[in-house]
Amino acid sequence: SLLSGYQTGTVSAAGVLTPTDRNILGNTRATNLVRYDSPLFKPGDQSLLQITLAWSKNPAGAQNNWVSNANGSTYEGGETVYGKALFNGYGFSASASYLDQKFQGVLASAANTELKAYRLGLSYKISGFKVGVVYDNSDMVNGLSTVGVLSDAKRSTYQVPVSYSFGDHALYATYTKAGDTSSLTGTGAKGTNFCYDYALTKRAFVGIIYSKLNNDVNAYYQPFLSGYSPFGASAIAKGESWREISLSFNYWF
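**Notes on the packing of aromatic side chains**
- This model, assessed by the stated rule, comprises six aromatic pairs.
- Each ring, one from Tyr 251 and one from Phe 253, has its centre 4.9 Å from the other, and the planes form 70°; the classification is edge-to-face.
- We classify Tyr 251 as partly exposed; its relative accessible area is 38%.
- Its relative accessible area of 88% is what places Phe 253 among the exposed residues.

See below:
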């Protein structure tokens with residue numbers, strides 16, 4: 001939740017923040033995408049390296065569907081560039097990724113024109129025990145509006161996952177902390193996640209998960225499927241914290 005969500009917002013003349021919860025990653029697959037996955041390189045006897053590059057001129061769809069809010073007769077094309085490198089070897093796993101997304105139909109003088117983000121990850125595994133760390137840095141160009149003055153919204157997040165597997169069983173614990181968005185105090189959050197997982201077969205898994213997230217006073221991070229309750233709107237309020245318990249079944253095709 002904290003690694004894929006992002007807090008931007010608008011600050012009034014009275015200093016009141018109206019937060020906006022935005023996604024760093026898309027909720028669906030991108031369209032019109034050109035992607036290259038390299039072969040698996042073997043720099044050592046026990047290591048593998050793979051590189052992925054992707055580009056799209058309009059990942060959100062045809063330009064006629066994305067007209068600028070600033071001027072209905074003016075349109076600026078978007079573009080998305082993405083790169084990722086993965087390494088596995090000698091008990092270590094490492095990853096590095098970069099995203100530069102210029103949004104379609106949004107004039108350069110308007111809010112939220114471009115997203116720049118990079119993410120780094122490192123883990124080590126020994127005898128069923130695995131520990132790692134993930135760092136994410138994101139920058140929404142013109143993502144902040146303070147009394148009509150636009151500025152960039154920058155934020156960093158780190159996550160520490162720990163797991164232990166034995167036989168058909170696995171235990172997971174994750175701690176995540178998001179810092180404040182630049183110039184927006186009280187927009188950070190902390191989250192914990194605990195999971196027990198059981199392998200029914202080599203491809204079928206069942207697990208129970210407990211998640212807790214504490215939003216700071218101006219933070220607006222939402223739980224999974226927030227706003228899609230059959231009993232009405234379920235999005236939480238600014239500064240509100242939440243807990244979630246779920247039972248999940250996963251099958252690998």
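There's plenty left to go through after this.
**Some remarks on the pairing of strand E7 (residues 92-102)**
- Here strand E6 (residues 79-89) pairs with E7 via 11 bridges, running antiparallel. Each bridged residue has a counterpart across the sheet, and for Asn 88 the counterpart in E7 is Ser 93.
- Between E6 and E7, which pair antiparallel one after the other, the connecting turn spans two residues, and Tyr 90 there sits at a positive phi close to 55°.
- The pairing of E7 with strand E8 (residues 114-126) spans 11 bridges and is antiparallel. Looking at E8, one finds that Asp 100 is bridged to Lys 116.

**A closer look at unusual backbone geometry**
- Even without glycine at this site, Tyr 90 takes up a positive phi of about 55°.
- With respect to the helices and strands, Tyr 90 occurs in the loop between E6 and E7.
- Its identity is not glycine, yet Ser 127 carries a phi of approximately 50°, on the positive side.
- The topology assignment puts Ser 127 in the loop between E8 and strand E9 (129-146).
- Looking at Ser 127, the relative accessible area reads 70%, which means it is exposed.

Each value, and the rule that gives it
Residues numbered from 1 in each chain as written. Predicted model: local features only at pLDDT ≥ 70, side-chain atom pairs only at ≥ 80, totals over all residues. Heavy atoms only, no water. Phe/Tyr/Trp six-rings, centres within 6.5 Å; stacked < 30°, edge-to-face > 60°. Buried < 20%, exposed > 50% of the residue type's maximum accessible area, 1.4 Å probe, protein only. Pairing = 2+ DSSP bridges. Helix = DSSP H or I, 4+ residues; strand = E, 2+ residues; numbered from the N terminus.

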